[in-house]
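Structural overview for review
Next come the chains, spelled out residue by residue.
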Amino acid sequence: MSDALKKRKAKVLRNEGGTPEMMKRGRGEGDPQDVRVYSEEVELDGRDPEQDYLQYKESCESLATLMSEIQDLKANGAKEGCAEVEQRRMQSCIHFMNLKKLNRLAHMRLKRGRDQTHEAKQRVDVLHLQLQNLLYEVLHLQKEISKCLEFKSKHEEIDLVSEDEFYQEAPSEISRPHHTKNDPHQLTLARLDWELEQRKRLAEKYKESQATKEKIQKSIEVKKEHLTSLQPGLNAIMQASLPVQQYLSMPFEQAQKQTEIARHLPPPLYVLFVQANAYGQACDKNLCVSISGDVDEAKALSKPPEDSQDDESDSDAEEEQEKTKRRRPTTGGQLDDKRREMLKRHPLSLCLDLKCKDGSILHLFFYYLMNLNIMTVKTKVSTATDLNAAISAGDLLKADTLLSCLYTNDQGRETPNPANRYQFDKVGIVCFADYLEELGHPYTWVQTLGGLHFPRDASEAVRVGNSLSASQMESTMKLLRGRVQSRLALHKQFASLEHSIIPVSSECQHLFPAKIMSRLARWTTITQEEYMALPYTRHVSDAGLAKETDLYFMAVVERGTARLQSAVVLSPRYPEISPLFSLCLSWKGERSGRTDDNLRAMESEVNVFKNELQGPRPGHQLLTNQISRLCVCLDVYLETERQDDGVEGPREFPREKMCLRTVRGPNRLKPFKYNHPQGFFSHR
Amino acid sequence: MGPVELLHMSVFSQSFSPCGRFLAAGNNYGEIGVFSLSAALSPDATALSQKPVLTFTAHEGPVFSLLSTDCHLLSAGNGEISAWSWSELIKKNVKAVWTKRPNYKSSLEIPEINAMTMNPRDNSLVVGGGDNNVHILDLEHGTFKSVLQGHSDYIHCVSVREREGEILSGGEDGAVRMWDSRTGRSVHCIEVHKYESCARPQVGKWISCLTTDSDWMLCGGGPSLSLWHLRSLSPTSVFPLSGCQRQAAFHQDMILAVGEGPFVSHCLLGGEVKAQIPCTPQSLNTLQLNTNSTEHRVLTAAGSSDHIDVFTNLSYRAFSLSF
């Protein structure tokens, strides 16, 4: 069945595809070729591609069946060239031809398709270009429109009177209400007209006023002349009244003179002068302010407008020249001059006298270094009673250290103005401390009192001038007075300590038992180097508690063969910062607070529990009380020391102190705490 | 706390938290400082992490003894014992869970408490101190259930032998007393200073450190530090350490001891001193090994200074915690 069907199909194909044969023929003939080609193109139009595709599929299928039939036949032993095979071969040839034709047609169709697409594309491109042109034109027009819309007229900047006001005030020939009411353009023009009118009027008025002003000025001058002519007469009256003032003891004149001189003070000294005067009048009657120095020189200094700027730049240039020319021999002398110039102080200085209750006076001399823009202070103490010379007290009232560390870490050895560093570099000053003797100390509080502020931290609230000075005046004056008093108290105490007497006032009697056997044997001053060299003070210096500004002393307490050395650090801020004791006991060998827990406990008894020893405020008796406490503790230490059972004979130190227990706790501490009314010793 | 107070500070006691991450230390001002070991031991530790995370005043007098139970920190001050919850302390809440006072007879001076130790057998606390007696606090009921009387001077140290049910106490009178924890009777009394091999009459006779490990006991103080065999009650080796020893501990096959002198002594059981490792404080009061946490396994030692030396390796000081 299938075989027959295929044959039929093949036949149909052959009938339909008559053209390939024609093609073959056409190629063979050659001449009528063009006609043929055209006919094929025409044929192409007539054919349906869908149909062609089906035809292609059919011929492929029948080719496949034919091939398989041939194979079957051959497999069944058909001979080469046998009729059946031959027939099928023919048929397949026809099919091949058919396929070729179809292929050609497909190619042509493709080409035509491409051409058509290209054509269409070109058309579209032309249209697109037109569109672009139009769009550009539109954009340009829009821009023009917006430019027009944004146009600003100059009159818009003029602040015109409001519309209502305009209609009210302007005369009708300018306002023309029936024209302008409905036409904003006309309205604006009218308002501008009105503005012009008004301005003209005002300009006239201005001229008039100027003229009257001149007239008045002239009359003022005349009156002034009259007043100045009165001055000599008044002066004469003042002169005449002087004896009366003196007689009535009213120092108006003197105060006035001082204010007159004060005008020539440099600004920082002036701030200090005003503030100290104010403080003295308001709070502290014992504060006295005076100005000393050469007034004429100060006047000369303050008169010419300072052109130091030029000077400086000149000197800079000179210096550079020097450097380039390398004229060495003269530079040394010039540098010296420059140094002197840089460190020059203002001819006027301020003297503050601070009187204490006991009659001693603290004199403070304030100077202003003009080129460094800092203030310095020199001090002197004059006492009411003659101080008997205590050797160890030598440093106490020395001007150099008296005011050291009035505020924490304010040693007054380095200049507080950071700018000075560069100035110093220029003239070769290594350290400001070398000039302290001559110039005085630039403590930070001095700058503050003068209203000078050199910020270190960005966070600091910056206040300058009078308010800064006023903010610290009271506290500083209190500190100054406290410092002098504590130094004077120490001075007195040292004098008796050197004679091995520990002064204990009646208010402090209750802190100690009545009978103290240990005695102070020696009280001397030592240097910091000596202090540092002691083996039992290492922990203090390691903890940073032994500073350069501190004073150092050695107290030796003795009882029998026992000898207790105690190295003392005395802060310049005593009694606010208490003295620090380090102990070393030589008795049956050497022990120190570092190795012996009981000596360590004694140290903490005087160093840590110092509040009990403060005495009446402000605690000027702290040091002597600490020394007596030390003596008591040594008594307890020696009396409670364990008696070696192996050694015969009486104890060196019989037990006299009443103790509840002699040792306590894991580190076997002795009872160092004295309980006052009962009079026994207990543990902390 | 000012620099002068720090200069005169002594640390008397230490205790590790149950989790092993914190260390509590008590000083002579009655303060307890809690340090974070995990912060101080971490690789990015700063100077700040060596400061206490919490400092509080626990007692009026010095804190001579600290002890950690499962969840509490027990601290002993002047005649009183306070308990603080570790979990609250870590959250920085400072409030004593309870405070108890043993019944003291004398009234003039409150006796101090020098040593405390746990007796896990009946969950009781053994307390020794200034009134010459050992007090036993029943932690279940919170009452003092018995008093062991016998010492003639104050008690420095106590120890518990759990298996035998024995309590040991050493005191200023130079005696080590052994007590039966059930009957409260004194079973034995060793007067260490009467044994010639360890006596040091020039120093004194008090016993200031006492530790036990099964049949062995370490004791020292005025007499030299010595290792005792308890069944025969005889000293087997004496350690040639100068100065009074304040705390000793068995560690593996070694003995660690601290006392006068700025070092931790490593001793062999035979009686030789193997090494003396230098420390910051001039004399040491306390020594603790942290066994509660493997990652923070350190040895800490403290004494007459505000520093607590930390040893991550037993052979050198790694760094110091400080108040």
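Everything discussed here concerns the structure shown above.
Now for a description of the structure that goes with this document. What you see is a predicted model, and the numbers here were worked out from it, not measured in a lab.

**Observations concerning the sheet that holds strand S21 (residues 245-251) of chain B**
Residue and element names in this part refer to chain B. An order of S21-S22-S23-S24 is seen for the 4 strands of this open sheet, with the pairing classed as antiparallel. Two strands bound the open sheet, and with one partner strand each, they are S21 and strand S24 (273-278). Across the sheet, the axes of successive neighbouring strands diverge by a mean angle of 20 degrees, strand direction being ignored. Direction of pairing for strand S23 (residues 263-268) relative to S24: antiparallel, over a ladder of 5 bridges. Bridge pairing in S24 links Cys267 to Val273.

**Examining the interface of chain A and chain B**
Taken together, the contact between chain A and chain B spans 28 residues of the former and 33 residues of the latter. Summing both partners gives a buried area of about 2600 Å² for chain A against chain B, and 52% of it is carried by carbon and sulfur. Considering only the surface of chain A that becomes buried against chain B, Arg600, Arg664 and Pro666 of chain A emerge as the three largest contributors, covering 25% of it. Where chain A touches chain B, the interface holds 14 residue pairs in polar contact (both at pLDDT 80 or more). Contributions of two or more residues to the side of chain A that touches chain B are made by helix H21 (538-542), helix H22 (597-607) and strand S12 (680-682) of chain A.

**Some details on the pairing of strand S27 (residues 307-311) of chain B**
Residue and element names in this part refer to chain B. For S27, the buried fraction is high: 4 of the 5 residues fall into the buried class. Here 4 bridges tie strand S26 (residues 299-303) to S27, and the two strands are oriented antiparallel to one another. Pairing of Ala301 across the sheet is with Asp309, part of S27. If you look at the hairpin formed by S26 and S27, you'll find 3 residues sitting between the two strands. Note: S27 against strand S28 (residues 319-322), 4 bridges, orientation antiparallel. The partner of Ile308 across the bridge, within S28, is Leu321.

**Notes on the sheet that holds strand S16 (residues 186-191) of chain B**
Residue and element names in this part refer to chain B. Strand order in the open sheet made by the 4 strands is S13-S14-S15-S16, with antiparallel pairing throughout. Of all the strands in the sheet, just strand S13 (155-161) and S16 have a single pairing partner and so form its edges. The mean inter-strand angle of the sheet, taken between neighbouring strand axes irrespective of direction, is 15 degrees. Bridge count between strand S15 (residues 175-180) and S16: 5 bridges; the pairing is antiparallel. For Met178, the partnering residue across the bridge sits in S16 and is His188.

**Quick notes on the packing of aromatic side chains**
Residue and element names in this part refer to chain A. Within the structure shown, the criterion is met by 14 aromatic pairs over all chains. Relative to Trp445, the ring of Tyr443 lies with its centre 5.7 Å away and its plane at 10 degrees, an arrangement referred to as stacked. Each member of the pair, Tyr443 together with Trp445, is buried. Geometrically, the ring pair formed by Tyr531 and Tyr552 is tilted, given 4.8 Å between the ring centres and 40 degrees between the ring planes. Note that Tyr531 is positioned in helix H20 (residues 528-533) and Tyr552 in strand S6 (residues 551-559), a separation of 21 residues in sequence. A connected cluster of aromatic rings, assembled from ring pairs, spans Phe366, Tyr443 and Trp445.

**Quick look at the nonpolar core**
Generally speaking, soluble globular proteins have nonpolar side chains that are buried together. Residue and element names in this part refer to chain A. Within the largest apolar cluster, 50 residues are counted, with the highest numbers of intra-cluster contacts made by Leu350, Leu352, Phe366, Phe432, Trp445, Met477 and Leu480. Setting aside its immediate chain neighbours within four residues, Phe366 contacts Leu269, Leu272, Ser349, Leu350, Leu352, Met375, Thr376, Val377, Trp445 and Val446. Leu490, Cys508, Phe512 and Met602 belong to the second largest nonpolar core, which has 43 residues in total.

**Digging into a nonpolar patch on the surface**
A cluster of nonpolar side chains, contributed by Leu227, Leu230, Leu234 and Ile237 of chain A, occupies part of the molecular surface with about 410 Å² of accessible area. Here Leu234 of chain A shows up in helix H10 (residues 231-248).

**Some points on the pattern of salt bridges**
Enumeration according to the criterion identifies 41 salt bridges over all chains in this entry. Among the salt bridges present, the one from Glu260 of chain A reaches Arg263 of chain A, with a minimum N-O distance of 3.3 Å. The class for Glu260 of chain A is partly exposed, based on a relative accessible area of 40%. One salt bridge connects Asp309 of chain B with Arg317 of chain B, and the closest N-O pair in it is separated by 3.9 Å. The buried category is assigned to Asp309 of chain B, whose relative accessible area is 0%.

**Quick notes on the environment of Arg591 of chain A**
All names here are of chain A. Checked against the element boundaries, Arg591 lands in strand S9 (residues 590-592). On a C-alpha basis, the gap between Arg591 and Tyr536 in space is 9.0 Å, while along the polypeptide they are 55 residues apart. Within the local environment of Arg591, its side chain forms a polar contact with the side chain of Tyr637, the two groups lying 2.8 Å apart.

**A word on the packing of helix H12 (residues 267-282) of chain A against helix H19 (residues 466-498) of chain A**
Residues and elements named next belong to chain A. As a packed pair, H12 and H19 sit with axes 10 Å apart at the nearest point and diverge in direction by 50 degrees. Classified by the angle their axes make, H12 and H19 are oblique. Pair H12 / H19 crosses with right-handed handedness. Across the interface between the two elements, Val271, Leu272, Gln275, Ala276 and Tyr279 from H12 touch Asn466, Ser469, Ala470, Met473, Glu474 and Met477 from H19. Considering only residue class, the contact of H12 with H19 consists of 7 nonpolar, 3 polar and 1 charged.

Scoring rules and cut-offs
Residues numbered from 1 in each chain as written. Chains lettered and ligands numbered in written order. Predicted model: local features only at pLDDT ≥ 70, side-chain atom pairs only at ≥ 80, totals over all residues. Heavy atoms only, no water. Pairing = 2+ DSSP bridges. Helix = DSSP H or I, 4+ residues; strand = E, 2+ residues; numbered from the N terminus. Axes fitted to C-alpha atoms, helices over the stretch in contact; angles between N-to-C directions. Contact = heavy atoms within 4.5 Å. Buried area = accessible area lost by both parts, 1.4 Å probe. Polar contact = N/O pair within 3.5 Å; in protein donor to acceptor, adjacent residues only side chain to side chain. Buried < 20%, exposed > 50% of the residue type's maximum accessible area, 1.4 Å probe, protein only. Phe/Tyr/Trp six-rings, centres within 6.5 Å; stacked < 30°, edge-to-face > 60°. Core = buried A, V, L, I, M, F, W, Y, C linked by side-chain atoms within 4.5 Å. Patch = residues over 30% accessible without salt bridge, like charges linked within 9 Å, V, L, I, M, F, W, Y side chains within 5 Å. Areas by Shrake-Rupley, 256 points an atom, 1.4 Å probe, with all protein chains shown as cover. Salt bridge = Lys/Arg side-chain N within 4 Å of Asp/Glu carboxyl O. Parallel < 35°, antiparallel > 145°, perpendicular 65-115°, else oblique. Left-handed = near helix turned anticlockwise from the far one by under 90°. Nonpolar A, V, L, I, M, F, W, Y, C, P; charged D, E, K, R; others polar.

As far as function goes, none of this settles anything; it's purely spatial.
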